[in-house]
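Coordinate inspection notes
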Amino acid sequence: MCLAFPAKVIEINESLATVERSGVKRSASLMLLPEAKVGDYVLVHAGFAMQIIDEKELKLRDALVAEMNGAPRTVFELDS
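Calculation rules
Residues numbered from 1 in each chain as written. Predicted model: local features only at pLDDT ≥ 70, side-chain atom pairs only at ≥ 80, totals over all residues. Heavy atoms only, no water. Patch = residues over 30% accessible without salt bridge, like charges linked within 9 Å, V, L, I, M, F, W, Y side chains within 5 Å. Areas by Shrake-Rupley, 256 points an atom, 1.4 Å probe, with all protein chains shown as cover. Salt bridge = Lys/Arg side-chain N within 4 Å of Asp/Glu carboxyl O. Helix = DSSP H or I, 4+ residues; strand = E, 2+ residues; numbered from the N terminus. Buried < 20%, exposed > 50% of the residue type's maximum accessible area, 1.4 Å probe, protein only. Pairing = 2+ DSSP bridges. Polar contact = N/O pair within 3.5 Å; in protein donor to acceptor, adjacent residues only side chain to side chain. Core = buried A, V, L, I, M, F, W, Y, C linked by side-chain atoms within 4.5 Å. Contact = heavy atoms within 4.5 Å.

Moving on, we come to a nonpolar patch on the surface. A surface patch of nonpolar side chains, about 420 Å² in accessible area, is lined by Met31, Leu32, Phe48 and Met50. One can find Phe48 in strand S5 (residues 48-53). Its relative accessible area of 33% is what places Phe48 among the partly exposed residues.

Given below as structure tokens:
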């Protein structure tokens, strides 16, 4: 299964962004998401930024991934 991972756009050079996730920086094409700007959180799949997400969505995705890896259930705590 392939999953898109959320990352923060930290630099843009034409249609190529540098994104950062947990201290790891990677390149991602903005050809499919030209409206993305520095500071946005984007979902990256196969080297392409696919969607802009907000911080609430980022936290929800992080909680779900943590649960898949055996962490205690925390998704419901995000609403408070």
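Okay, back to it.
A separate point is the pattern of salt bridges. Per the stated rule, a full pass over the model turns up 3 salt bridges. Between Asp62 and Arg21 there is a salt bridge; the shortest N-O distance is 2.3 Å. Residue Asp62 is located in helix H1 (residues 55-68), and its partner Arg21 is located in strand S2 (residues 16-21); the two are separated by 41 residues in the primary sequence. A salt bridge links Arg61 to Glu57, with the nearest nitrogen and oxygen atoms 3.0 Å apart.

Before going further, it helps to spend a moment on the pairing of strand S3 (residues 24-29). Sheet analysis places S2 next to S3, joined by 6 bridges and oriented antiparallel. For Glu20, the partnering residue across the bridge sits in S3 and is Lys25. Following S2, the chain reverses through 2 residues before pairing antiparallel with S3; Ser22 in that reversal takes a positive phi of roughly 55°.

Within the secondary structure, Asp40 sits in the loop between S3 and strand S4 (41-45). By relative accessible area, Asp40 is classed as buried at 12%. Side-chain polar atoms of Asp40 contact the backbone nitrogen of Lys37, separated by 2.9 Å.

Mapped onto the elements, Ala17 comes out in strand S2. Between the C-alpha atom of Ala17 and that of Leu30, which follows or precedes it by 13 residues, the distance is 6.5 Å.

Quick look at the nonpolar core now. Counting residues in hydrophobic clusters, the biggest one holds 11 residues: Ala7, Val9, Ala17, Val19, Ala28, Leu30, Leu33, Ala36, Val42, Val44 and Ala49. Those elements that place two or more of their residues in this core are strand S1 (5-13), S2 and S4. With residues near it in sequence (within four places) discarded, Val19 still touches Ala7, Lys8, Val9, Val24, Lys25, Arg26, Ala28, Val42 and Val44.

Turning next to the environment of Leu16. The residue Leu16 is located in strand S2 in this model. The partly exposed category is assigned to Leu16, whose relative accessible area is 43%. Put simply, Leu16 and Leu30 are 14 residues apart on the chain and 5.6 Å apart in space, counted from C-alpha to C-alpha. Excluding its chain neighbours within four sequence positions, the residues that come into contact with Leu16 are Glu11, Ser27, Ala28 and Ser29.

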